[in-house]
Amino acid sequence: MIAVPGTTAARPGHERATLGWIAAQVARILELPFDGFADALPSPQDDAFLVPQETLDAGAAARWGVVEASDLLGGVVPAAFVATKLITHGLVAADAAAPAGWNAALGAQLQAVTVPGFSVFAGGDLLRAAATLLASARAVRIKLADGIGGGGQFVVHDLDACRHRLGLLTPADLDAGVVVEADVAQPATYSVGTLRLGGRSIAYVGTQGLGRDRLGRPVYGGSTLSVVRGGLPELLEVVHQPRLRRTVDMAIAYDRCAQAAYPQLVCSRRNYDVLWGRDAQGRPQGGVLEQSWRVGGATPAELAAFDLLDREPGITRVLASTVERHGPVQVPAQAEVYCVLDDPRCGLITKFRHAGADPGALSAFEAFDGSTSFHA
């Protein structure tokens, strides 16, 4: 059977509706029963295939009997902070605060494939990190550990502004962790990832776009992915453009280092956000921003591509997309709508997807307009 644990599963809204739709798609692909959400979530049981909204920690995974990646769509981490963007960067100094279980070596190993930055867990360390970055960066971006879709972050251009933002953070914010990162100009966000279900796997590279919420603020607007069968090595075989190839290479390096640093990590979905932009001197700069080892905004597109490649052995590459729009929207005739909801928190939202054979659209991503991206 399919089970859907987690807080999102019990909270009404578009996230719950989307998660239920994804769980039903997974049930169909794996030919497992799923009866939808009940008033009370199913109790942990060893024979359940999980579709959780959040990455599971080791304790939750043990309660549900999750041992291998084939037991869930998502991932399991040894500690909650490992599932966040915090592991992308090291500490600002050897004496800086850090949570139990922190791998001090990982940040240094990832420096070659990430944007310059630090992860901090104390106010003084945040100011030290900002001062270090501002010595060479035009601005720094302060990001809360639990921020998603570009939320929970602020750009500051000097230490006075940084002190002001620090004063707005709560002790809980600092305990959970904050990323302080060099801000880049003309940002464009790419996605690289893999998904494995029922012994079959896909890999993809693509781009993310922006939408606007009902107040006009930028929010995640969807993803467009070029998808192949297999894993990231198979993806590299069809990626020839230098920037895209470097993007995939950086995701592979990040994945390898994170897995080695936290060997207890178990994942059936691995997604990496890779930022490209320009540094303070106008030079191109790229790096992995964060990982997602759980169901994400691109998952409906991934499942559409997975389905099409499974049904059509003659197709070698699929172009799949998701679109999320707030307010009234006209849906293209060929699209499949998977959520239309007047959400009590964000108002009317419509989500749809489309997938078809990709004749070689990877080249289109080279000209991706960074003005439609967000800094994850």
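Report follows, based on the coordinates. (Residues numbered from 1 in each chain as written. Predicted model: local features only at pLDDT ≥ 70, side-chain atom pairs only at ≥ 80, totals over all residues. Heavy atoms only, no water.)

Topic: the pattern of salt bridges
Following the criterion strictly, the structure yields 16 salt bridges and no others. For Asp183, the salt bridge goes to Arg141, with nearest N and O atoms at 2.9 Å. Taken together, the residues Asp183 in the loop between β8 (178-182) and β9 (185-197) and Arg141 in strand β6 (residues 140-144) connect sequence positions 42 residues apart. Given a relative accessible area of 14%, Arg141 falls into the buried group. In this structure, Asp213 engages Arg217 in a salt bridge whose closest nitrogen and oxygen atoms are separated by 2.7 Å. For Asp213, a relative accessible area of 13% gives the class buried. (Salt bridge = Lys/Arg side-chain N within 4 Å of Asp/Glu carboxyl O. Helix = DSSP H or I, 4+ residues; strand = E, 2+ residues; numbered from the N terminus. Buried < 20%, exposed > 50% of the residue type's maximum accessible area, 1.4 Å probe, protein only.)

With respect to the sheet that holds strand β12 (residues 266-267)
Two pairing modes exist for strands in a sheet, parallel and antiparallel, and in both the strands are linked by backbone hydrogen bonds. Spatially, the 3 strands line up as an open sheet ordered β3-β4-β12, and their pairing is mixed. What marks the edges here is a single partner per strand, and that holds for β3 (56-57) and β12. Summarising the sheet, β3 and strand β4 (residues 75-77) pair through 2 bridges and their orientation is parallel. Looking at the pairing, Leu56 lines up with Val76 of β4. (Pairing = 2+ DSSP bridges.)

Describing the packing of aromatic side chains
A full pass over the atoms with the stated rule returns 5 aromatic pairs. Aromatic pair Phe81 and Tyr262: ring centres 6.2 Å apart, planes at 80°, arrangement edge-to-face. Pair noted here: Phe81 is in the loop between β4 and α3 (106-110) and Tyr262 is in the loop between α8 (242-261) and β12, with a separation of 181 residues, a long-range link. You can call Tyr262 buried: its relative accessible area is 5%. Look at Tyr254 and Tyr272: their rings are 5.4 Å apart centre to centre, the planes differ by 55°, and that puts the pair in the tilted class. Linking Tyr254 in helix α8 with Tyr272 in strand β13 (residues 269-278), this pair joins segments that are 18 residues apart in sequence. Residue Tyr254 is classed as buried on the basis of its relative accessible area of 0%. Overall, Tyr272 belongs to the buried group, its relative accessible area being 1%. (Phe/Tyr/Trp six-rings, centres within 6.5 Å; stacked < 30°, edge-to-face > 60°.)

Note that every value here comes from positions in space, so none of it alone points to a role or purpose.
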